[in-house]
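Residue-level listing of the chains:
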Amino acid sequence: MGIARATLVVDGPISAVEALWYEPDRWPSWIDGFGHVVRLDPGWPGPGAILDWDSRRGGRGRVQERVTAHEQRTGQTLAVEDTQLRGTQAVAFADAGEGAVQVTLSLEYSLKERTAFTPIVDRLFIRRAITASLQRSLARFARERAADVDLR
């Protein structure tokens, strides 16, 4: 099983940062590869809610996320599955001091198709690609949050 993680500090109170994170209309602007929502349960972001989304062309295809845990102002854990992997994705929000929030995004995953070379390919290529994707998402999220602050 592989683990990829990215962390970034974002300006603002946890309540505002968290509100943006869970805003479905804004996801295409910052989630790496996100195309559009196919289905979003009305209970989102609470436990048991399901999100199905399609990636952009050439991406992950259909992705299903099911909320397994959610604690307001702390984070959310999802069971995630797409055509190539299944795993657990988590976002955590923590006070970083001075009006900032540390946002940590992680994905613990297993690849659906495995060969004798999978561990090597995962370590050298796949994990790096997933980590880079998480970093891009967080960087875009920070820009989106900064735009919100600038509009005030």
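So, how was this worked out
- Residues numbered from 1 in each chain as written.
- Predicted model: local features only at pLDDT ≥ 70, side-chain atom pairs only at ≥ 80, totals over all residues.
- Heavy atoms only, no water.
- Helix = DSSP H or I, 4+ residues; strand = E, 2+ residues; numbered from the N terminus.
- Rg over C-alpha atoms; globule rule 2.2 N^0.38 Å.
- Buried < 20%, exposed > 50% of the residue type's maximum accessible area, 1.4 Å probe, protein only.
- Pairing = 2+ DSSP bridges.
- Axes fitted to C-alpha atoms, helices over the stretch in contact; angles between N-to-C directions.
- Contact = heavy atoms within 4.5 Å.
- Core = buried A, V, L, I, M, F, W, Y, C linked by side-chain atoms within 4.5 Å.

S.K.: Which parts of the structure should I look at to understand the overall build of the protein chain?
M.R.: Helix and strand counts for the protein chain stand at three helices and seven strands. Counted from the first residue to the last, the protein chain has its helices and strands arranged as β-α-α-β-β-β-β-β-β-α. Relative to the globule expectation of 15 Å for 152 residues, the C-alpha radius of gyration of the protein chain, 15 Å, shows essentially globular dimensions. Based on the C-alpha atoms only, the size of the protein chain along its principal axes is roughly 55 × 30 × 30 Å. Residues counted as buried form 41% of the 152 residues belonging to the protein chain.

S.K.: Sorry, what's going on with the sheet that holds strand β4 (residues 62–71) here?
M.R.: Think of a sheet as strands paired side by side through backbone hydrogen bonds, with each pair either parallel or antiparallel. Strands sit in the order β1-β7-β6-β5-β4-β3-β2 across an open sheet of seven strands; the sheet is antiparallel. Every interior strand has two partners, whereas the edge strands, β1 (2–11) and β2 (34–40), have only one. The sheet shows a mean angle of 25° between the axes of neighbouring strands, taken without regard to direction. Looking at chain direction, β4 and strand β5 (residues 75–81) are connected through seven bridges and run antiparallel. Residue pairing for β5: R66 is matched across the bridge by A79. Set on the sheet, helix α1 (residues 14–21) makes contact with β1, β4, β6 (85–97) and β7 (100–111); between it and β6 the angle comes to about 155°.

S.K.: Even after reading the chapter, I still don't get α1, so can you show me in this structure?
M.R.: Among the eight residues in α1, six count as buried, and that is most of the element. Within α1, the full set of buried residues consists of I14, A16, V17, E18, L20 and W21.

S.K.: Looking at this model, I keep getting lost on the nonpolar core. Mind explaining?
M.R.: Here is a general trend for soluble globular proteins: nonpolar side chains tend to be buried in one another's company. W21, W44, F93, V103 and F141 are the most contacted members of the largest nonpolar core, which has 34 residues in total. Ranked by residues supplied to this core, first place goes to β7 with six residues. Excluding residues that lie within four positions of it along the chain, W21 makes contacts with W27, W30, V91, F93, V103, L105, L138 and F141.

S.K.: Please clarify how the environment of L78 should be interpreted in this entry.
M.R.: Position of L78 relative to the elements: it lies in strand β5. The spacing of L78 and P45 is 33 residues in sequence and 9.8 Å in space, taken between C-alpha atoms. Those residues in contact with L78, other than ones at most four positions away along the chain, are W44, E65, R66, V67, T68, G87, T88 and Q89.

S.K.: So what exactly am I meant to see when it comes to the environment of Y22 here?
M.R.: Tracing the chain through its elements places Y22 in the loop between α1 and α2 (27–30). According to the relative accessible area criterion, Y22 is buried, its value standing at 10%. Along the sequence, Y22 and P45 sit 23 residues apart, while their C-alpha atoms lie 6.8 Å from each other. In this view, Y22 contacts W27, W44, P45, H70, G75, Q76, V91 and F93; residues no more than four positions away in its chain are not counted.

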